[in-house]
Amino acid sequence: MAKLSTEELLGQFKELTLLELSEFVKAFEEEFGVTAAAPVAVAPGAPAAGAPVEEAAEQDEFDVVLESAGDKKIQVIKEVRGLTSLGLKEAKDLVESAPKAVLEKVDKAAAEKAKEALEGAGATVTLK
């Protein structure tokens, strides 16, 4: 068998489907006892094994989740429209499909403000 250059190998791989390429990678890993997964770097200053684990860092991104619209669905739809850039139909669909995230990955102050506004309109809201 003639030895192929890197360019020739890449040309052959380009002709494979993703399924065929996935099967090739599995066979390659088994044949040579290696893995194609990227190595995980250890952060400097990471606690050693057996060292006490510090409490998790305080959460800085929140999701505002509408659990239910309550009795005043129209008021809740208005608040959802005010908090997002959704149109009337999209806001109505969101409210009717509760539980659903209204805002995602917002800071704590914005999440608290949105929660207060939605609860003031009669909705049940949780922060995650």
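Residues numbered from 1 in each chain as written. Predicted model: local features only at pLDDT ≥ 70, side-chain atom pairs only at ≥ 80, totals over all residues. Heavy atoms only, no water.

Under the annotation held in an unreviewed UniProt entry, the chain carries the name Large ribosomal subunit protein bL12 and is attributed to Kribbella aluminosa.

(A) Here's a closer look at a nonpolar patch on the surface. Where nonpolar side chains cluster on the molecular surface, the patch consists of L16, F24, V25, F28, F32 and V34 and spans about 500 Å² of accessible area. As for its placement among the helices and strands, F24 is situated in helix α2 (residues 18-32). (Patch = residues over 30% accessible without salt bridge, like charges linked within 9 Å, V, L, I, M, F, W, Y side chains within 5 Å. Areas by Shrake-Rupley, 256 points an atom, 1.4 Å probe, with all protein chains shown as cover. Salt bridge = Lys/Arg side-chain N within 4 Å of Asp/Glu carboxyl O. Helix = DSSP H or I, 4+ residues; strand = E, 2+ residues; numbered from the N terminus.)

(B) The nonpolar core, seen in detail. By size, the foremost hydrophobic cluster in this structure holds 19 residues, and its most contacted members are V64, L66, V76, V80, V95, V102 and L118. Broken down by secondary-structure element, the contributors of at least two residues to this core are β1 (62-68), α3 (73-83), α4 (88-96), β2 (100-106) and α5 (108-120). Excluding residues that lie within four positions of it along the chain, L66 makes contacts with V76, L94, V95, A98, P99, K100, V102, A123, T124 and V125. (Core = buried A, V, L, I, M, F, W, Y, C linked by side-chain atoms within 4.5 Å. Buried < 20%, exposed > 50% of the residue type's maximum accessible area, 1.4 Å probe, protein only. Contact = heavy atoms within 4.5 Å.)

(C) Layout of the packing of aromatic side chains. Tallied over the full model, the rule gives 3 aromatic pairs. Seen from their ring centres, F24 and F28 are 6.0 Å apart, and the 40 degrees between their planes marks the pair as tilted. A residue pair is termed a helical-turn pair when its members lie 3 or 4 positions apart in one helix, as F24 and F28 do in helix α2 at 4 residues. Residue classification places F24 among the partly exposed residues on the basis of a relative accessible area of 35%. Looking at F28, the relative accessible area reads 39%, which means it is partly exposed. Centre to centre, the rings of F28 and F32 are 4.8 Å apart; their planes meet at 50 degrees, and the pair counts as tilted. Of this pair, F28 and F32 both sit in helix α2, 4 residues apart, roughly one helical turn. An aromatic cluster is present here, built from F13, F24, F28 and F32 joined pairwise through their rings. (Phe/Tyr/Trp six-rings, centres within 6.5 Å; stacked < 30°, edge-to-face > 60°.)

(D) Up close: the pattern of salt bridges. Applying the stated criterion across every chain, the model contains 3 salt bridges. Across the pair E96 and K73 runs a salt bridge, and its minimum N-O distance is 3.2 Å. Within this pair, whereas E96 is found in helix α4, its partner K73 is found in helix α3, the two being separated by 23 residues in sequence. Judged by its relative accessible area of 42%, E96 falls in the partly exposed class. When its relative accessible area of 36% is taken as the criterion, K73 is described as partly exposed. For the salt bridge of K89 with D93, the shortest nitrogen-to-oxygen distance reads 3.1 Å. Remark: D93 and K89 occur in helix α4; sequence separation between them is 4 residues, near one turn of the helix.

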